[in-house]
Amino acid sequence: MNQALSINDAIQKSSALFNQGKLQESETICRSILAASPNNADANHILGLIAIRCNNHSDAIKFIKNAINANTNNAQFYDSIGNAYALSKNTEEAIRSFKKALSLNNTVAKTHYNLANIYLQKNDLAEAKEYLKTAIKLNPEHIQAIYNLSLIYSQEGEYGKAETLLLKLNNSSPTDIRILYNLANNYAKAGKHQKALETYHKAISIKPDFFEAYFSIGNLYRLLNDSDNAIKNYQQSLRLKPDLVEAKNNMAIVYMENKDYNNAIFHFAEAAKINPQYTFTFLNFANLYKKIGDTNQAEALYKKAIKLDPNFTEAYYNLASLYSDTAQIDMAITHFEKAIALNPRHAPAFKDLGMVYKQMGKFELATKMFKSAISFDPTFAEAYRELSSVKKLSKDDAELSAMQEMLAQAKLTDEERMHLSFGLARAYEGLNEYDDAFKHLSQANLSRRKLFPYNKEAIQTSFNKIKALFSSEFIEKHKGLGSPDKTPIFILGMPRSGSSLIEQILATHSKVYGAGELNYIEQSLNSISSASTDLKYPDNLNNIDKDSLIQLAESYIKRVREHAPDAEYIIDKMPQNFVYIGLIKMILPKAKIIHSTRDAMDTCLSIYKHGFYEGHAYADNLQDLGEYYKLYQDLMNHWDKIFPESIHEVNYENLVAKQEEESRRLLNFCDLPWEEECLSFYKTKRRVHTASSTQVKKAIYKDSVKLWKKFEQHLQPLKQALNYHDN
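Predicted model only: the values in this text are computed from it and were never measured.

S.K.: Is there a simple way to think about the overall build of the chain in this case?
M.R.: The number of helices and strands found in the chain is 37 helices and five strands. In terms of C-alpha radius of gyration, the chain reaches 34 Å, well past the compact-globule figure of 27 Å for 727 residues. Counting only C-alpha atoms and orienting by the principal axes, one finds that the chain spans roughly 120 × 60 × 45 Å. Per-residue burial over the chain gives 53% buried out of 727 residues. Intrachain contacts of the chain at a sequence separation of at least 6 include 62% that bridge at least 24 residues. Summed over all atoms, the accessible surface of the chain reaches about 33800 Å², with 48% contributed by carbon and sulfur. Positive and negative side-chain charges in the chain, numbering 88 and 86 respectively, have mean positions lying 3 Å apart.

Below you can see the structure in the form of structure tokens.
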């Protein structure tokens, strides 16, 4: 009995020493106990705790197993070995151990908290949340459990619940910057931007060198489109921590978003120097080069990111998008599939792969991809919209009901509302319910106008400047200064006027490659803008010299040639090139220019229905659309006067009615011998990367002629703006 009391006293003394941090003295006592009583559970347990404290997890597990073998009903032992397993990254054994502890005693808040942490590591927020709730119920003052639960609520979008918990913690610990910082983060995510800024600054007042807070303030200002304050705060975070690569990267992104590409390039390069292993710098740097049209540099940087991290899903996804944009179809498909292999729930990759299949005319595969995207993200508005473009939805289709239900939600963004409304408009048009279709079209375009504000006066001024600059005298002055290259065939005019059909006919010819819509003319023009005055087209051409004209021509031809090095002719069917006809004739006087036209009402309605993903800000208001069309007509009349008989017009209605006759005239203008295959253009396997991809994969049909009549009662503002008279 005396010996038992002596061991008990020794255990208590060893435990007290352990709690005081005197690990060596505590261990000495425990080993003395084990020398006399090798199976003593408490001594083994304390030695296990000492091993945990010393990061010797294997010894910890060994000692605590001995303790459990000696006493299988002690919940604390299972909790301790659970911690040892957790620290050694054996999460499954940790879970089993914590659950065993709770089966013996479920009133210990610490064990519930420990188990919650394991589930947090596994990103199982639902399980973690329940165990944290129980831990707090058992111990309402468990600060770390409250803190972790608040982070889960914030991550799941339950900002009100997160705020309540964080304010409780802040009241008890008002100078804890970690709590203030996450409270500010939660305010920012909840849209309480002013409160977020105030709380970040409160944290900074406590810790003036709190670089993380400055970084987050920069991110918030970026979200609010306040570029100056965003950059100011990123710079301050970098002054406090010069190697904060995330701040340098985000600062470069702000410059990129503001189209200050020189500064963006500089800061991305600086970020790469700060941390050559930070993959997101190379991803965003590649996105910048893709944006400005340097596809080779973009490709190299995406590959650099992948080399640094072979499992970098977003790098594969963005590289796939680049290949898709540059018509490298097989490479695009391969890389989208790689992104999906790395993340089988990557809804945007499924959606974009569906877009590739749609443009290839593989509509069943496209439908499958869009449905997969929706299955992984049931709120993916853009995927619903694209699905409606390849599948005729019936009233019984789940996707139609889902779109209607989503559209009724108040929290939709303008972009989501736009996509859903365009999708529903297409669905109802397919059901021949034209009034409902137009109702959704109106809503879609109202949402689109918020995303793409339209400056009518600026457009009118620009068109007037173009006509004023490109006079007969100006053209004569620069005659003969361009390149003699005959490669390009330009198809231009208003969008949705039949240009894709013309391209498909020409691209079926053995000597012609259809490169789709290329914005190389515009990009080349931007490259010669004066850095000091930032002049834009047409002002940047006032004093252009021969060398600059040759440079523009050679730059354009070089980039076009990358699409098809061996083709005799390459088509650029960017419709908006109609504003650059004067420049095109100066730099490439031997290039063929084809003007695609169509009934004005049908053209404008088709534009209104389409809802371009970017640009064309005039398109979402019927009156603005009609007035823009009149500006386009006026400018084309100007070009016809300046360059008589140099621009070949192909009218869609004539082409539909007299396909062979119009096709022969078209090929003759392009100095191409007749090839019978041009009449079967829809059989070609080439991909069509435009809004008309679903139509030009079929033989010519007349369904789109006078389509506007089905919506006539809704189109009076357009009709008046066009001064349209039906024949």
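S.K.: Could you clarify how one ought to interpret the nonpolar core in this entry?
M.R.: Soluble globular proteins tend to pack their nonpolar side chains together in the buried interior. Formed by 208 residues in total, the largest nonpolar core has its most connected members in Phe-470 and Phe-578. At 10 residues, the largest contribution of residues to this core is made by helix α34 (residues 622-642). Look past the residues within four positions of Phe-470 in its chain and what remains in contact with it is Ile-475, Tyr-537, Leu-541, Gly-582, Leu-583, Met-586, His-638, Trp-639 and Ile-642.

S.K.: Whenever I open this one, the sheet that holds strand β2 (residues 512-514) confuses me. Can you help?
M.R.: Remark on secondary structure: sheet strands pair via backbone hydrogen bonds, oriented parallel or antiparallel. If you trace the five strands from one edge of the open sheet to the other, you get β2-β3-β1-β4-β5, paired in parallel fashion. Where the open sheet ends on each side, the last strands, each with one partner, are β2 and β5 (647-651). Direction aside, neighbouring strands of the sheet carry axes that sit 25° apart on average. As defined by bridge partners, strand β1 (residues 488-493) adjoins strand β4 (residues 592-597) across five bridges and the pair is classed as parallel. Bridged to Ile-491 within β4 is Ile-594. Its contacts with the sheet place helix α29 (residues 499-507) against β1, β2, β3 (569-572), β4 and β5, and it is angled at close to 160° to β1. Packing of α34 onto the sheet brings it into contact with β1, β4 and β5, and relative to β4 it is tilted by some 145°.

S.K.: What should I look at first to understand the packing of helix α8 (residues 125-138) against helix α9 (residues 143-155) in this one?
M.R.: A packed helix pair is summarised by two numbers, namely the angle formed by the two axes and the spacing between the axes. Where α8 contacts α9, the two axes come as close as 9 Å, and the packing angle between them is 145°. Pair α8 / α9 crosses with left-handed handedness. Every residue of α9 that contacts α8 at Leu-125, Ala-128, Lys-129, Leu-132, Lys-133, Ala-135 and Ile-136 is listed here: Ala-145, Ile-146, Asn-148, Leu-149, Ile-152, Tyr-153 and Gln-155. Looking at the contact of α8 with α9 residue by residue, the classes come out as 10 nonpolar, two polar and two charged.

S.K.: It is not clear to me how unusual backbone geometry should be interpreted in this structure. Could you clarify?
M.R.: Comment: phi is negative for the bulk of residues other than glycine, and the bulk of peptide bonds are trans. Omega for the peptide link from Tyr-537 to Pro-538 comes to 5°, which places this bond in the cis form. Relative to the helices and strands, Pro-538 is located in the loop between α30 (520-527) and α31 (546-561). Within the chain, Asn-225 stands out as a residue other than glycine whose phi angle is a positive 60°. Tracing the backbone shows Asn-225 in the loop between α13 (211-223) and α14 (227-240). Although it is not a glycine, Lys-259 sits at a positive phi angle of roughly 60°.

S.K.: I would appreciate a short explanation of the environment of Ser-14 in the present structure.
M.R.: Within the element layout of this structure, Ser-14 appears in helix α1 (residues 2-19). Taking the C-alpha atoms as reference points, Ser-14 and Asn-114, separated by 100 residues in sequence, lie 25 Å from one another. When neighbours within four sequence positions are excluded, Ser-14 is seen to be in contact with Ser-26, Ile-29, Cys-30 and Ile-46.

S.K.: What should I look at first to understand the pattern of salt bridges in this one?
M.R.: Between side chains of opposite charge, a pair can form as their charged atoms come close. Using the criterion set out here, one finds 37 salt bridges in the structure. For Lys-511, the salt bridge is made with Glu-568, and the minimal N-O distance between the two is 3.9 Å. With a gap of 57 residues between them, Lys-511 in the loop between α29 and β2 and Glu-568 in the loop between α31 and β3 connect regions that are remote in the sequence. Ionic pairing is found between Asp-671 and Lys-592, a salt bridge with its closest N-O pair at 3.0 Å. Taken together, the positions of Asp-671 in the loop between α36 (659-669) and α37 (716-722) and Lys-592 in strand β4 put the pair 79 residues apart, joining distant regions of the chain. Looking at Lys-592, the relative accessible area reads 17%, which means it is buried. What emerges from the salt-bridge pattern is a single network uniting Arg-448, Arg-449, Lys-456, Asp-620, Asp-624 and Glu-627.

S.K.: Would you explain the confidence of the model for the chain in this entry?
M.R.: Note that predicted coordinates carrying low pLDDT should not be read in detail. Averaged over every residue, the pLDDT of the chain is 93; residues scoring 70 or more account for 95%. In this model, residues 689-697 is a region of pLDDT below 50 whose contacts with residues beyond four sequence positions or in other chains number 37 contacts.

S.K.: When you look at the packing of aromatic side chains in this model, what are you seeing that I'm missing?
M.R.: Aromatic rings considered in pairs are described by the distance between their centres and by the relative angle of their planes. This structure, assessed with the given rule, holds 26 aromatic pairs. Between Phe-470 and Phe-474 the ring centres are 5.6 Å apart and the planes differ by 90°, which places this aromatic pair in the edge-to-face class. When its relative accessible area of 0% is taken as the criterion, Phe-470 is described as buried. What makes Phe-474 buried here is its relative accessible area of 9%. When the ring centre of Phe-669 is taken as origin, the NZ or CZ atom of Lys-592, which lies over that ring, is 5.4 Å away. For Arg-598, the ring lying beneath its charged end belongs to Tyr-652, and the centroid distance is 5.2 Å.

What counts, and at which threshold
Residues numbered from 1 in each chain as written. Predicted model: local features only at pLDDT ≥ 70, side-chain atom pairs only at ≥ 80, totals over all residues. Heavy atoms only, no water. Helix = DSSP H or I, 4+ residues; strand = E, 2+ residues; numbered from the N terminus. Rg over C-alpha atoms; globule rule 2.2 N^0.38 Å. Buried < 20%, exposed > 50% of the residue type's maximum accessible area, 1.4 Å probe, protein only. Contact = heavy atoms within 4.5 Å. Areas by Shrake-Rupley, 256 points an atom, 1.4 Å probe, with all protein chains shown as cover. Lys, Arg positive; Asp, Glu negative; His and termini not counted. Charge placed at Lys NZ, Arg CZ, Asp CG, Glu CD. Core = buried A, V, L, I, M, F, W, Y, C linked by side-chain atoms within 4.5 Å. Pairing = 2+ DSSP bridges. Axes fitted to C-alpha atoms, helices over the stretch in contact; angles between N-to-C directions. Left-handed = near helix turned anticlockwise from the far one by under 90°. Nonpolar A, V, L, I, M, F, W, Y, C, P; charged D, E, K, R; others polar. Salt bridge = Lys/Arg side-chain N within 4 Å of Asp/Glu carboxyl O. pLDDT = per-residue confidence, 0-100. Phe/Tyr/Trp six-rings, centres within 6.5 Å; stacked < 30°, edge-to-face > 60°. Lys NZ or Arg CZ within 6 Å of the ring centre and 35° of its normal.

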